[in-house]
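Each chain, written out:
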Amino acid sequence: MSSKDPYQYIIVEHQYSHKFKVTVLRAEHVTKGAIGDLLDTPDPYIELFISSAPESRRRTRHINNDVNPKWNESYEFILDPNQENILEITLMDANYVMDETLGSTTFPISCETIRIGQTKEVPFLIGKVTKVFLEMTLEVCSSTDLRFSMALCDKEKMFRQKRKERVMLGIKNLLRMEKGRCLPSSHRDVPVVAVLGSGGGFRAMVGFSGVMKALYESGVLDCVTYVAGLSGSTWYMSTLYSHPDFPTKGPQEINQELMKSVSSNPLFLLRPQNIKRYIEALWKKKACGQPVTFTDIFGMLIGETLIHDRMNFKMSHMQDKINEGQSPLPLFTCLHVKPDVSELMFADWVEFSPYEIGMAKYGTFMPPDMFGSKFFMGTVVTKYEENPLHFLMGIWGSAFSILFNRVLGVSSSDNSGSTMEEELENIKPQHIVGDDGLDGDEEPRKAGTENLEVEEEYQKNAQASWVQRMFTAMISDSTLFNTREGRAGKVHNFMLGLNLNTALPYSPFRDLMYQNSVEEEESVVTDPDEFDRIYEPLDVKSKKIHVVDSGLTFNLPYPLILRPQRGVDLIISFDFSARPSDSSPPFKEILLAEKWAKMNKLPFPKIDPKVFDREGLKECYVFKPEKGYKNCPTVIHFVLANINFRNFKAPGVPRETQKEKEYGEFDIFDDPESPYSTFNFRYSNQAFKQLHDLMEFNTLNNIDVIKEAIIDSIKFRKENPSRCSVSLNDIEARKYFNKDPHSKLHT
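Residues numbered from 1 in each chain as written. Predicted model: local features only at pLDDT ≥ 70, side-chain atom pairs only at ≥ 80, totals over all residues. Heavy atoms only, no water.

*Asks:* Mind showing me how you'd approach the overall build of the chain here?
*Replies:* Across its full length, the chain holds 22 helices and 27 strands. Evaluated residue by residue, the chain yields a buried proportion of 57% over its 747 residues. Taking the contacts inside the chain whose residues are at least 6 apart along the sequence as the reference set, 75% of them involve residues at least 24 apart. Element-wise, carbon and sulfur atoms account for 49% of the exposed surface of the chain, whose accessible area totals about 31,700 Å². (Helix = DSSP H or I, 4+ residues; strand = E, 2+ residues; numbered from the N terminus. Buried < 20%, exposed > 50% of the residue type's maximum accessible area, 1.4 Å probe, protein only. Contact = heavy atoms within 4.5 Å. Areas by Shrake-Rupley, 256 points an atom, 1.4 Å probe, with all protein chains shown as cover.)

Okay, structure coming up:
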């Protein structure tokens, strides 16, 4: 990279790879030996193998009964020029029973043997008389498919410019002021407002549906630039942003459709005819060379439940909903985890938007249609079709895939006496990653390949066998539901083959930030091991990476919004996380977010949990930056609590009839018969409406709090027009870069 970003502490070296093109032209005097030729004329084909290449093996078609075959078949390999790259050329004879090796040779690939840009025809002697002719070219890949930068992509920058126009108008309508000091006078004064939704299964999804209806109808959503979700909240966002009528049609009508979708038992989706269809879809994916896990099946179940009429919808299709700035930009997330490290100690946050998918920690991003494709050194080696949205929904909410037995109500001796939430907290990556049995890289088939009909029959039998084994396991083997092994999602590692350098974690805001005392820092820590290894890099040698529900580390998607490049002024956060009781303090997840922000040297307001002792349980809490703490957002933290809704059916409108009072009289966590368990996937219309209306009420009941925070953000913008704009010239590079720039974590 030509320059380094002050926010980045793991630098991805942008090294050029080589593209090696091989054309297998022809062979002359192919022989099986004197006796072999008398018995049978060869049916030759060529196998090419480069062990250091990600797509290492290629083969030509076989040509029947030809000692001088002509193939003219071309192949490409992506190579790392810093590794030893050896081409193995093997001449094979196709047979009905077992293919026969006739001979092989090797060729070292380097700039010494082939000049860059040169096309070279090379004859290879195999045995004493056979010659194989290859045409080879070596090129430098001057561009990559990954984007290496901490900056926002161009499409998001364009979106922000268009959205500012709409936000200016939205603020004017919300505050009902034609002129005045409280209104932004230029684009520079327009605050960036973000709305966050936590995880919590269908409870979070239904609660967030009420929130979005309130924000939409009150006009607050017109003032919002980003909507970020995690786990259950992403399911609502997916339902909303994939709907063909959104944003023309608001959440009210879409929520009615959602209520109908979640009113039936999800077990009907596990009928044998449906399972067979799911597994056949997995086979198609597996046969193309993509990993498959139980998360794929869970994604199909969630998709069939929530977006059954748009199962082919893709993430990139959401661009039509935002390109003109007509809606906030949706952001989704999951975690990359390591099999041998607790996700509380190490986890990389993966960010999904309609424009890009990637990891801000490394500054590596790609268009949505490339996520899941095979990469090497930043270049796509094998491009697959873009994953459907339901696959991503399965990954974003994969905590429920992991504990699918509890979702279905299948009992296990391992979980007797524990709540589902407690089980979720005790999950370790080594329990859910499993082996690569379902999707391991397959070796070339050794059986005979001469008869095409036999080969086709073999492939059909292989598919039928795999489908039958999976089908039998799902409908008759309860072990599939009781085990957690193999429940993590899995994709090809898009950072395979890259080199990573480390720099000291340093923020350009460090000297501008309010410095907490040691005592204050320690008060945030609930577990000394939390985030202990977040500065470690991922394994760039691993062919695949495991991705899981972000709620396994903490249950709010703050890392997406705290990217300094987004410059967010106001965060309106909605936390639907489970608590021991309705009266329990609601700060566990936001305290973890605060700690994560501090460890990454990102501005975050002080979260004072003692506010609960002073003010008791409230619908929302406001956390503002300390005086002089610049570039820090204000946080409005909404919690799931039924307080004023018990007595008011709308803000300022008391309940009068007995029926109205009974409607508002319910608990979320205290009632053992409550339908709002994290793992309940069936909501009656009554349960849906009560939770939906509760969160709609809580949001509307605090609209003035939101308005006041927006006004404060506008004032701050006017006083600090260059918010979050930091020049590299103002930063001493030695403070955050390694003294030894050549120190590599992985090479």
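*Asks:* I keep staring at the environment of Tyr 216 and nothing clicks. Help me out?
*Replies:* Structurally, Tyr 216 can be placed in helix H3 (residues 201–218). Residue Tyr 216 is classed as partly exposed on the basis of its relative accessible area, which comes to 31%. Once the C-alpha coordinates of Tyr 216 and Pro 247 are considered, the two residues, 31 residues apart in sequence, prove to be 9.8 Å apart.

*Asks:* Mind showing me how you'd approach the pattern of salt bridges here?
*Replies:* Note that side chains of opposite charge can pair when their charged atoms are close. Counting across every chain of the model gives 33 salt bridges. Here Arg 533 makes a salt bridge to Glu 536, at a shortest N to O gap of 2.6 Å. Residues joined by salt bridges that share partners form a network here, namely Glu 156, Glu 351, Arg 563 and Arg 566. (Salt bridge = Lys/Arg side-chain N within 4 Å of Asp/Glu carboxyl O.)

*Asks:* Would you mind showing me how to read the packing of aromatic side chains here?
*Replies:* To describe a pair of aromatic rings, you give the distance between the ring centres and the angle between the ring planes. Considering all chains together, one arrives at 25 aromatic pairs under this definition. Ring geometry for Phe 202 against Phe 681: centres 4.5 Å apart, planes inclined by 40 degrees, an arrangement best described as tilted. One end of the pair, Phe 202, is in helix H3; the other, Phe 681, is in the loop between helix H20 (658–664) and helix H21 (685–700), and 479 residues separate them in sequence. Of the two residues, Phe 202 and Phe 681, both sit in the buried class. Arranged with centres 6.5 Å apart and planes meeting at 70 degrees, the rings of Phe 298 and Phe 681 form a pair that is edge-to-face. (Phe/Tyr/Trp six-rings, centres within 6.5 Å; stacked < 30°, edge-to-face > 60°.)

*Asks:* Whenever I open this one, helix H4 (residues 232–241) confuses me. Can you help?
*Replies:* Within an α-helix, residues lying three or four positions from one another point in the same direction, as the helix has 3.6 residues per turn. When you tally the buried positions in H4, you get 10 out of 10 residues, the bulk of the element. Within H4, burial applies to Gly 232, Ser 233, Thr 234, Trp 235, Tyr 236, Met 237, Ser 238, Thr 239, Leu 240 and Tyr 241.

*Asks:* Got a minute to help me understand the sheet that holds strand S2 (residues 18–28) in this structure?
*Replies:* What links the strands of a sheet is backbone hydrogen bonding, and the strands pair in either a parallel or an antiparallel sense. The 4 strands lie next to each other as S5-S2-S9-S8, forming an open sheet whose pairing is antiparallel. Edge positions in the open sheet fall to strand S5 (70–79) and strand S8 (119–126), since each of these has one partner strand only. This sheet shows a mean twist of 25 degrees between the axes of neighbouring strands, independent of strand direction. In terms of strand pairing, S2 meets strand S9 (residues 130–140) through 10 bridges, oriented antiparallel. Within S9, the residue paired with Glu 28 across the bridge is Lys 131. (Pairing = 2+ DSSP bridges. Axes fitted to C-alpha atoms, helices over the stretch in contact; angles between N-to-C directions.)

*Asks:* I keep staring at the sheet that holds strand S4 (residues 57–59) and nothing clicks. Help me out?
*Replies:* The strand order S4-S3-S6-S7 describes an open sheet built from 4 strands, whose pairing is antiparallel. The open sheet has two free edges, formed respectively by S4 and strand S7 (100–109), since each of these has just one partner strand. Between one strand axis and the next, the sheet turns by 20 degrees as a mean value, whatever way the strands run. Of the strand pairs in this sheet, strand S6 (residues 85–93) and S7 are connected by 9 bridges, and their pairing is antiparallel.

*Asks:* Got a minute to help me understand the pairing of S2 in this structure?
*Replies:* Successive residues of a regular strand alternate their side chains across the two faces of the sheet. Across 8 bridges, the pairing between S2 and S5 is antiparallel. Bridge pairing in S5 places Thr 23 opposite Ser 74.

*Asks:* Looking at this model, I keep getting lost on unusual backbone geometry. Mind explaining?
*Replies:* The phi torsion of most residues other than glycine is negative, and most of the peptide bonds are trans. Note the cis peptide between Phe 246 and Pro 247, where omega equals 5 degrees. Non-glycine residue His 29 carries a positive phi angle of around 60 degrees. Relative to the helices and strands, His 29 resides in the loop between S2 and helix H1 (34–39). Among the residues examined, His 29 registers a relative accessible area of 47% and is labelled partly exposed. Not every positive phi belongs to a glycine, and Met 377 is a case in point at roughly 55 degrees. Along the chain, the position of Met 377 falls in the loop between strand S17 (374–376) and strand S18 (379–382). Using a relative accessible area of 1% as the deciding quantity, one classes Met 377 as buried.

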